[in-house]
Amino acid sequence: MVLMKVYYKSPIFMQNILTSVRGYQYKRQRNGKYYQREMDFYNKFDVTDEVAVQKYQAKELQRLLHFVVNHSPFYKEFYKNIDIRQIQTPDDLKKLPILEKKIVRNHIEEMYTISEKEAVVSHTSGTTGTPMKFLHTYEGIQRRNAILDDFKREHGFINGQMKKASFNSSEIVAADQQRKIFWRDNVPMKQRLYSSFHSQAENIHYYVKNLNEYKPISLDGYPSTLYEIARYINTKEISLDFKPIAIFPTAETLHPHYREEIERAFKCKVFNQYASSEGAPFVVECTAGNLHYHKLSGVIEQVEDDEMLITSFMNNGTPLIRYRIGDKINFSEEKEKCACGSAFPIVQSLEGRSTDYIESEEKGKVTAVFLSIISEEFKTSIVNMQYIQKKLNHVIVNIVPDSSYEEKIDNIILQKLIYTFGENMTIKLRKVPEIPKDKSGKFKFVRNHLAR
Ligand SMILES: [Zn+2]
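Note that the structure is predicted; figures quoted are calculated from it, not measured.

Basis of the calculations
Residues numbered from 1 in each chain as written. Predicted model: local features only at pLDDT ≥ 70, side-chain atom pairs only at ≥ 80, totals over all residues. Heavy atoms only, no water. Helix = DSSP H or I, 4+ residues; strand = E, 2+ residues; numbered from the N terminus. Buried < 20%, exposed > 50% of the residue type's maximum accessible area, 1.4 Å probe, protein only. Salt bridge = Lys/Arg side-chain N within 4 Å of Asp/Glu carboxyl O. Phe/Tyr/Trp six-rings, centres within 6.5 Å; stacked < 30°, edge-to-face > 60°. Lys NZ or Arg CZ within 6 Å of the ring centre and 35° of its normal.

Asker: Before we move on, could you go through unusual backbone geometry and cite the residues and values that matter?
Answerer: As a rule of thumb, non-glycine residues mostly have phi less than zero, and peptide bonds are mostly trans rather than cis. Not every positive phi belongs to a glycine, and E237 is a case in point at roughly 50 degrees. As for its position among the elements, E237 is in the loop between α9 (223–235) and β7 (246–249). Under the relative-accessibility criterion, E237 is labelled exposed at 71%.

So, in structure tokens, the structure goes:
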């Protein structure tokens, strides 16, 4: 991109100004009139009132269905033999066909209800085939941001008014920059962006020193980056000069050992949340530490094999109804009430994209969540770990050893993995000084090249 070339050639003070200019445009896009309307609405809405929640959901669902058959050529055809007036509540959704990814891939342009010019565009990541382009209306974007900011408000953080440190940006610092300044300021959003790409071992102390000067009220971004920094703080027994209110990881799986390490380093709670670039309904963590499916943002159905179907109230540009997003969800068995009082159902577990697994003939699919539990046992002697599968019955395990690592740990890990994957799995342990991130600065714990 030409603009980025100009940006990288500018001195750092200029890059800060450009980051703020971009931030200002972004703020206008996300915090417009719809945002304010929704923020006020959520502020007043009583989420402990089960009847009110049900009523809202039914009304939004009817509005959505009416909208799609009138504005999306795809849905007009897809539902042509169905009387959509019969679908009144989330339970009635079963009468509608499931929207498979393949269908979306082939028909996405007919699904759009707006032109690209008037839309905010997002792309799904390319881990499962070609990326898809989703168009969002400004209203949709603002409603989504309001849900997210309302979630943060519940945990005491007012987005845009309180200082935050964000670790999800790879572009703000040129890959080959020599100076050790790995952050830029977005003044309008009271945000300091830290490069998630440069946070390698030799640079981390610069990050910690700068955080100590900046003293953010909250931190957000990739849990893998937050974890790297937290681990450094804990190992070096650094005590920080600030204590954030809350930490909000985004975009990657939050492994249990990540959470533990991050909470210990920053002496504050981590609150997780699930969203997607397609615009799926939200799953958010409450003050009592449970995940809830946010019923005001859409409908989530749990179908066979815990597969998740999503219906979004927030994406009118590319409407998604009963879309099989590829993630798995498990709701709490009984109608268990959460200590926080919310009428939103408790989510027992949520698993990322179904490509996050390693497959062996003997044991089938071993999920990233399961592998992260194994890795946790070795966390005192391992800085980082990654599983890569390129062929069946073959796995490469990259290990970044700590100074306390001893050769005999190799055998313990091997035994554990043979037990996990079966005798026929060839397991190759590789000691590496660092595990490279992808272009966006994300770290992938499991890379499965076989999965489609
Ligand atoms: Zn709760």
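Let us keep going from here.
Asker: Quick rundown of the pattern of salt bridges? Include the residues and the values.
Answerer: Applying the stated rule across the entire model yields 24 salt bridges. The shortest N-O distance in the salt bridge between R143 and E60 comes to 3.2 Å. Taken together, the residues span a long stretch of sequence, with R143 in helix α7 (residues 138–154) and E60 in helix α4 (residues 50–71) at a distance of 83 residues. R143 gets classed as buried once you look at its relative accessible area, which sits at 6%. Taking the relative accessible area as the measure of exposure, E60 reaches 7% and is therefore buried. Residues participating in the shared-partner salt-bridge network are R37, E38, E60, R63, E139 and R143.

Asker: Break down the packing of aromatic side chains for me, with residues and values.
Answerer: Counted by the stated rule, this structure contains 23 aromatic pairs. Where F78 meets Y79, the ring centres are 5.6 Å apart and the plane angle is 25 degrees; that geometry is what we call stacked. Seen from their ring centres, W183 and Y194 are 5.8 Å apart, and the 50 degrees between their planes marks the pair as tilted. With a gap of 11 residues between them, W183 in strand β4 (residues 183–186) and Y194 in strand β5 (residues 191–195) connect regions that are remote in the sequence. We classify Y194 as buried; its relative accessible area is 0%. Pairwise contacts between aromatic rings join F167, F182, W183, Y194, Y206 and Y207 into one cluster. One Lys or Arg, K163, reaches over the ring of Y214 and ends 5.1 Å from the middle of that ring.

Keep in mind that these numbers describe shape and distance, not what the molecule does.
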